[in-house]
Amino acid sequence: DTAVSQTPKYLVTQMGNDKSIKCEQNLGHDTMYWYKQDSKKFLKIMFSYNNKELIINETVPNRFSPKSPDKAHLNLHINSLELGDSAVYFCASSRDRGYTFGSGTRLTVV
Amino acid sequence: GENVEQHPSTLSVQEGDSAVIKCTYSDSASNYFPWYKQELGKRPQLIIDIRSNVGEKKDQRIAVTLNKTAKHFSLHITETQPEDSAVYFCAASMSVDYKLSFGAGTTVTVRA
């Protein structure tokens, strides 16, 4: 009964491919996020959704498209993958008290 | 937008000693300041947070202080143990359910 679960945990793919990462939370939180953690461990917000509505889009290339079918799910689709997209992607959710992060998806583009 | 600076980037302490990590932020509208601990290969986990109407908060061996006038906040870990070894991130936000701007992280190593 993981609170915020992401799949897959690891993703290795070639440049130019399209891939998706899925996130689900069972905490009843209203707000969900995608963060990117680069090789230097820096955590940077990409998107935020509140009750299925996009509220933050932080100058992310439009190759990245989030989708929230309901408030418990937030998926991330990436088109035309580039080498620089290699990173760990964390989903998170929050309601009133801090974030709960998912376990992360390590994306490697070769 | 908000800019959070964190120092030091690495910190090595002897077991039992104290560790202090300092952060500064730029946006005076920020009023929520959480700290996260990330062990190797794991997710960041919230360890303590403070809101702008409070100057200090303590939870067992961990304490945070906030100086809103100077726009800086600090994490203090006392009686450090090997399991405290991890990367610690400070963050700032205008609200608890809003985007967090993270510092660059501090790698803490506790020597046995």
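Conventions and cut-offs
Residues numbered from 1 in each chain as written. Chains lettered and ligands numbered in written order. Predicted model: local features only at pLDDT ≥ 70, side-chain atom pairs only at ≥ 80, totals over all residues. Heavy atoms only, no water. Pairing = 2+ DSSP bridges. Helix = DSSP H or I, 4+ residues; strand = E, 2+ residues; numbered from the N terminus. Axes fitted to C-alpha atoms, helices over the stretch in contact; angles between N-to-C directions. Contact = heavy atoms within 4.5 Å. Salt bridge = Lys/Arg side-chain N within 4 Å of Asp/Glu carboxyl O. Buried < 20%, exposed > 50% of the residue type's maximum accessible area, 1.4 Å probe, protein only.

Concerning the sheet that holds strand 8 (residues 73-78) of chain A
All names here are of chain A. The strand order 1-3-8-7 describes an open sheet built from four strands, whose pairing is antiparallel. The open sheet is flanked by strand 1 (4-7) and strand 7 (64-70), the only strands paired with a single partner. Averaged over all pairs of adjacent strands, the angle between their axes in this sheet comes to 15 degrees, without regard to strand direction.

Here's the deal with the interface of chain A and chain B
Across the contact, 23 residues belong to chain A and 18 residues belong to chain B. There are one salt bridge connecting chain A and chain B. Note that B:Lys99 and A:Glu58 form a salt bridge whose closest N and O atoms lie 2.9 Å from each other. Counting only elements with at least two residues in the side of chain A that touches chain B, the list comes to strand 4 (31-37), strand 5 (43-50), strand 9 (87-94) and strand 10 (99-101) of chain A. Here the side of chain A that touches chain B gets four residues from one element, more than from any other, and that element is strand 4 of chain A.

Description of the pairing of strand 9 of chain A
Residue and element names in this part refer to chain A. With eight of eight residues buried, strand 9 is to be regarded as a mostly interior element. The side-chain alternation of strand 9 yields two buried faces, one formed by Ala87, Tyr89, Cys91 and Ser93 and the other by Val88, Phe90, Ala92 and Ser94. Sheet topology places strand 4 next to strand 9; seven bridges connect them, and they run antiparallel. Among the inter-strand pairings, Lys36 is bridged to a residue of strand 9, identified as Tyr89. Pairing of strand 9 with strand 11 (residues 105-109), which is carried by three bridges, proceeds in the antiparallel orientation. Opposite Val88, over in strand 11, you have Arg106 as the bridge partner.

Brief notes about the environment of A:Lys67
Residues and elements named next belong to chain A. Residue position: Lys67 is located in strand 7. The exposed category is assigned to Lys67, whose relative accessible area is 56%. Taking the C-alpha atoms as reference points, Lys67 and His77, separated by 10 residues in sequence, lie 7.9 Å from one another. Apart from the residues lying within four places of it in its own chain, the contact partners of Lys67 are Tyr49, His73, Leu74 and Asn75.

Side note on the pattern of salt bridges
Side-chain pairs of opposite charge can arise whenever the charged atoms involved come near each other. As enumerated under the stated definition, the model contains eight salt bridges over all chains in all. Among the ionic pairs, A:Asp85 bridges to A:Arg63, the shortest N-O distance being 2.8 Å. Taken as a pair, A:Asp85 in the loop between strand 8 and strand 9 and A:Arg63 in the loop between strand 6 (53-57) and strand 7 lie far apart in primary sequence, 22 residues in all. With a relative accessible area of 14%, A:Arg63 lands in the buried category. For B:Arg61, the salt bridge goes to B:Asp84, with nearest N and O atoms at 2.9 Å. Taken together, the residues span a long stretch of sequence, with B:Arg61 in the loop between strand 6 (56-59) and strand 7 (62-67) and B:Asp84 in the loop between strand 8 (72-77) and strand 9 (86-92) at a distance of 23 residues. What makes B:Asp84 buried here is its relative accessible area of 7%. Three or more residues joined by partner-sharing salt bridges are found here, namely A:Asp30, A:Lys71 and A:Arg95.

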